[in-house]
Amino acid sequence: MDYPAPGDPFPRYDGYDDPAERGRGSPTNRGYLEQPYAASGGYSNRASPIHRHQQHLMEDQSGLAREATESTKKTPPPRPPPPRQKKRTFTEEESITKELSAPQIRWFYRDDRTKKWCPFIGYDSLQLEFKFRKVYIHGEVSESGVDRIVVRGGLYEVDINEKKCYTIYWNEEATDVMRGMWHHYNTSEPLEEDLAKEVERKHLLHFRGQKIMSLSEEDGNKGPKPVICSLQFKDCHVDWNSVNDIFLYSESASSRLARSIGQSLGFSKASTSGYRLRRGYMKEARLEDKPPPISHLVLVVHGVGQTMEASNITRSCSE
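All values reported here derive from a predicted model rather than from experimental measurement.

Engineer: Is there a simple way to explain the packing of aromatic side chains in this structure?
Structural biologist: Each pair of aromatic rings is reported with the distance of its centres and the angle of its planes. In this structure the tally under the stated criterion is 6 aromatic pairs. Arranged with centres 6.4 Å apart and planes meeting at 35°, the rings of Phe247 and Tyr249 form a pair that is tilted. Each member of the aromatic cluster is reached from another via a ring pair, and the members are Trp107, Phe132 and Tyr136. Positioned above the aromatic ring of Tyr109, the side-chain terminus of Arg152 is 4.0 Å from the ring centre. The ring of Tyr185 carries the charged tip of Arg276 above its face, separated from the ring centre by 4.8 Å.

As structure tokens, this is what we get:
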């Protein structure tokens with residue numbers, strides 16, 4: 001390679017040491033337009049091995065960038081439509097308002113940690129309801145009194161007279177038990193038993209023997225409905241707009257203010273501060289709904305924790 005004279009610009013190395021090879025691989029011989037030396041800043045290297053290697057690298061990088069751009073531009077698949085709510089239908093026997101059957105009533109116990117009402121499984125609830133009806137409706141009481149009902153996998157027993165749930169194999173404070181007849185429509189939380197008894201009595205007084213409309217029949221009667229009857233309590237009141245539309249309203253100052261403002265704006269009373277009620281539990285109890293039979297016995301060896309936190313150890317084993 002010849003070096004330039006002093007003062008001349010140093011030519012750019014194009015990957016060719018042999019002038020003959022440079023001629024064969026020059027842009028002119030390879031079909032490219034010849035560029036002036038001054039404009040290009042030196043010999044053109046578009047056809048040189050170095051340039052070909054750089055060209056391949058640039059093409060690979062542009063291809064990867066294009067694939068990444070196309071992948072980001074892909075639109076996600078459309079969301080499936082929300083599932084339609086199944087409309088409840090009633091048999092000919094269920095379509096008439098009458099006393100609640102044993103499967104429609106659900107028994108609850110209060111959780112000692114969350115203090116919330118938890119439903120018994122179907123089998124336990126039916127056993128409690130059968131015993132309740134045997135004692136309080138048919139008056140069948142033995143000389144030894146009312147036997148307790150074993151529930152919750154054989155670890156607890158319920159006294160329906162005291163409405164208490166007791167542990168069998170360890171010492172723990174008894175929890176409350178409630179017979180649920182009326183429930184909040186959205187949460188299925190039971191209405192307090194004394195309140196539910198009055199609501200049930202009022203409901204049967206006005207609607208006994210009337211047909212219960214299905215959801216499809218209710219859809220044809222849209223619009224505000226007048227209040228047919230009402231039941232007043234100390235802290236709340238219940239309105240019946242139909243045999244299916246029963247709402248609970250609080251008598252607190254904030255709730256009354258919300259109803260007043262909402263109705264002045266054209267909203268219905270139920271949409272402002274009302275809680276819709278459901279007669280009977282959302283799912284009927286069944287005898288098949290019970291825990292599987294016990295097949296293994298597990299012996300747990302523990303230390304001082306049994307004395308300090310006996311209930312936690314027992315609860316952890318059951319979970």
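Engineer: What exactly am I supposed to notice about the pairing of strand E5 (residues 164–167) here?
Structural biologist: By the alternation rule, side chains of E5 split into Cys165 and Thr167, which are all buried, and Lys164 and Tyr166, of which none is buried. Of the pairings in the sheet, the one linking strand E4 (residues 156–159) to E5 comprises 4 bridges and is antiparallel in character. In the sheet register, Val158 faces E5, and the bridge partner there is Cys165. Between the end of E4 and the start of E5, which pair antiparallel, lie 4 residues, with Lys163 showing a positive phi angle near 55°. Relative to strand E6 (residues 175–180), E5 runs antiparallel, the two being bridged by 2 bridges. The residue of E6 that forms the bridge with Cys165 is Thr175.

Engineer: Please clarify how the pairing of E6 should be interpreted in this entry.
Structural biologist: Regular strands show a simple pattern: their side chains alternate between the two faces of the sheet. Here E6 lies mainly inside the structure; 5 of its 6 residues are buried. Where strand E1 (residues 106–110) lies against E6, 4 bridges are found, and the strand directions are antiparallel. Bridged to Arg106 within E6 is Gly180.

Engineer: Explain the sheet that holds strand E8 (residues 229–232) here, please?
Structural biologist: Pairing between the strands of a sheet comes from backbone hydrogen bonds, and it takes one of two forms, parallel or antiparallel. Strand order in the open sheet made by the 5 strands is E7-E11-E10-E9-E8, with antiparallel pairing throughout. Whereas interior strands pair on both sides, the edge strands pair on one side only; in this sheet they are strand E7 (182–184) and E8. For this sheet the average axis-to-axis angle between neighbouring strands, irrespective of direction, equals 30°. As judged from the 5 bridges shared by strand E9 (residues 236–240) and strand E10 (residues 246–250), these two strands associate in the antiparallel manner. The residue bridging Cys236 from the neighbouring strand is Ser250, located in E10. Along the sheet, helix H5 (residues 193–207) contacts E7, E8, E9, E10 and strand E11 (274–279); its crossing angle with E8, the most-contacted strand, is approximately 160°.

Criteria and cut-off values
- Residues numbered from 1 in each chain as written.
- Predicted model: local features only at pLDDT ≥ 70, side-chain atom pairs only at ≥ 80, totals over all residues.
- Heavy atoms only, no water.
- Phe/Tyr/Trp six-rings, centres within 6.5 Å; stacked < 30°, edge-to-face > 60°.
- Lys NZ or Arg CZ within 6 Å of the ring centre and 35° of its normal.
- Buried < 20%, exposed > 50% of the residue type's maximum accessible area, 1.4 Å probe, protein only.
- Helix = DSSP H or I, 4+ residues; strand = E, 2+ residues; numbered from the N terminus.
- Pairing = 2+ DSSP bridges.
- Axes fitted to C-alpha atoms, helices over the stretch in contact; angles between N-to-C directions.
- Contact = heavy atoms within 4.5 Å.

These results come straight from atomic positions and should not be treated as a statement about function.
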